[in-house]
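A closer look at the structure
The residues making up each chain are set out below.
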Amino acid sequence: MSTYVLSDIHGQFFSYQKMLKKINFSDNDFLYVLGDCIDRGPDGISIIQDIMKRDNVELILGNHEIMLLNTLEFFKEREKEVPVVERTGDGLTPFELWTHPCNGGEGTCLDLLGLKVEERKTIESYLRGCRLIKRIEVNGKKYHLSHSYSVSKPFGQELTLKKVDKKVAEAIVWESVFDTKKADEDLTFSYKRDIYIVGHIFTQRLGNMDENGKGMIYRNDSFRGYKIINVDCGMALNSRSSRLGCICLDTGEEFYIPLLPD
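Residues numbered from 1 in each chain as written. Predicted model: local features only at pLDDT ≥ 70, side-chain atom pairs only at ≥ 80, totals over all residues. Heavy atoms only, no water.

Brief notes about the pattern of salt bridges
This is how it is decided: Counted as salt bridges are all cases of a side-chain nitrogen of Lys or Arg within 4 Å of a carboxyl oxygen of Asp or Glu. Each helix is a run of H or I in the DSSP string that is no shorter than four residues. Each strand is a run of E no shorter than two, and both are numbered from the N terminus. Three labels apply to residues, based on accessible area from a 1.4 Å probe with only protein chains included: buried if under 20% of the type maximum, exposed if over 50%, partly exposed otherwise in between.
Within the structure shown, the criterion is met by ten salt bridges. R131 serves as the salt-bridge partner of E58, at 2.6 Å between the closest nitrogen and oxygen. Placement of E58 in strand β3 (residues 57-59) and of R131 in strand β4 (residues 131-138) is noted, with a sequence separation of 73 residues between them. Using a relative accessible area of 12% as the deciding quantity, one classes E58 as buried. On the basis of relative accessible area, R131 is assigned to the partly exposed category, the value being 22%. Between K76 and E124 there is a salt bridge, with the nearest N and O atoms lying 2.8 Å from each other. Of this pair, K76 sits in helix α3 (residues 63-77) while E124 sits in helix α6 (residues 117-128), placing them 48 residues apart in sequence. A residue is classified by how much of its surface remains accessible, and E124, at 8% relative accessible area, is buried. When salt bridges with common partners are traced through the structure, they connect E58, R131, K134 and E158 into a single cluster.

Okay, here's the thing in C-alpha cells:
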C-alpha cells in the first residue's frame, strides 16, 4: 500500500487519469487531492465525480471548490433553484468572483448547472462534507495536508468545513505560506513537527523548475520555521511549463505528467 498526494488538477481530467496510470494506482493505495480539481480546464466536474466514486481518493477543499459552494449558496439566497447564468451587475458576487476570467470557473459552473438537480445536490453535499485539513502519519512521519494554509489552534487529526466559521475556511484555502508580504514573519501553526504539504501557489512562481522550465515539486525543511512541500506544478498556467505533480509519501518518489507535449 502506498500513499500519494497531488494538487491543483484544474479540470485536466485526462492528465489526472494519466497520473493514476503512471503511479500504478490500485485499490490498496490511497490518494489525497489537495483542492482545486476544478476550473480553468475543461473537465472539473468529471474529476469530482471520479473522486466521489473511489473509496481510496479523498479531496481536501481548495479555494475553487469553496467558490463553487459559495456560488450555490448565493443562488439559494436568491431563491433560484436553477439560476440563469448571467452577470447581475451588482458587484463582485460569489458567482461573479468564481466565473471571473482570473478564476476560470465559468465552464465548471455551466457544467454543474447542466446536471440534473439531484446530481448537483449530491456533488454539493459531498463537497460540504470534505475536510479542509487532514493530518496523517506515514512511516513514522506526520504530514499536515491542506490546500494552502493552516490555523494556530490545535484541532486534532482533521478540520472539516462544518467545524469552522466561514472566515477561517476562507483563510485556509486562500492564504499562502508563500505570501511575500508575510515573508519576514514566523508562521504560527499548531503542529510544529508536522511536514506541511500544500498546493495553491504554482512552484514556477517560487522559481522551482527543471532544466526545461517545467514546474517541479518544491521541498524546504526550514521554510519560515516549518518543513514545507508544495506539489502544485502549474496546471493553472495552461502552458508548456505546466505539469501535474504527485509525491509518494512512503518513498519520497516524485511523478509528473506534462499538460502539453514537448
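Quick word on the sheet that holds strand β5 (residues 141-146)
Put simply, the test is: Strand pairing is assigned whenever DSSP detects at least two bridges linking the two strands. In this analysis, axes come from line fits to C-alpha atoms, helices being fitted only over the stretch in contact, and the angle between any two N-to-C directions falls in the range 0 to 180 degrees.
The strand order β6-β4-β5-β7-β9-β8 describes an open sheet built from six strands, whose pairing is mixed. The open sheet is flanked by β6 (158-160) and β8 (218-223), the only strands paired with a single partner. The average undirected angle you get between the axes of adjacent strands in this sheet is 20°. Here three bridges tie β5 to strand β7 (residues 195-198), and the two strands are oriented parallel to one another. Along β7, the bridge assignment pairs L145 with I197.

Concerning the pairing of strand β9 (residues 226-230)
Of all the five residues making up β9, four are buried; the element is thus mostly covered by neighbouring parts of the structure. Direction of pairing for β7 relative to β9: parallel, over a ladder of four bridges. What sits directly across from I197, in β9, is I229. Across four bridges, the pairing between β8 and β9 is antiparallel. Across the sheet, the residue bridging to R219 is I229, located in β9. Linking β8 to β9, which pair antiparallel, is a turn of two residues; within it R224 sits at a positive phi near 50°.

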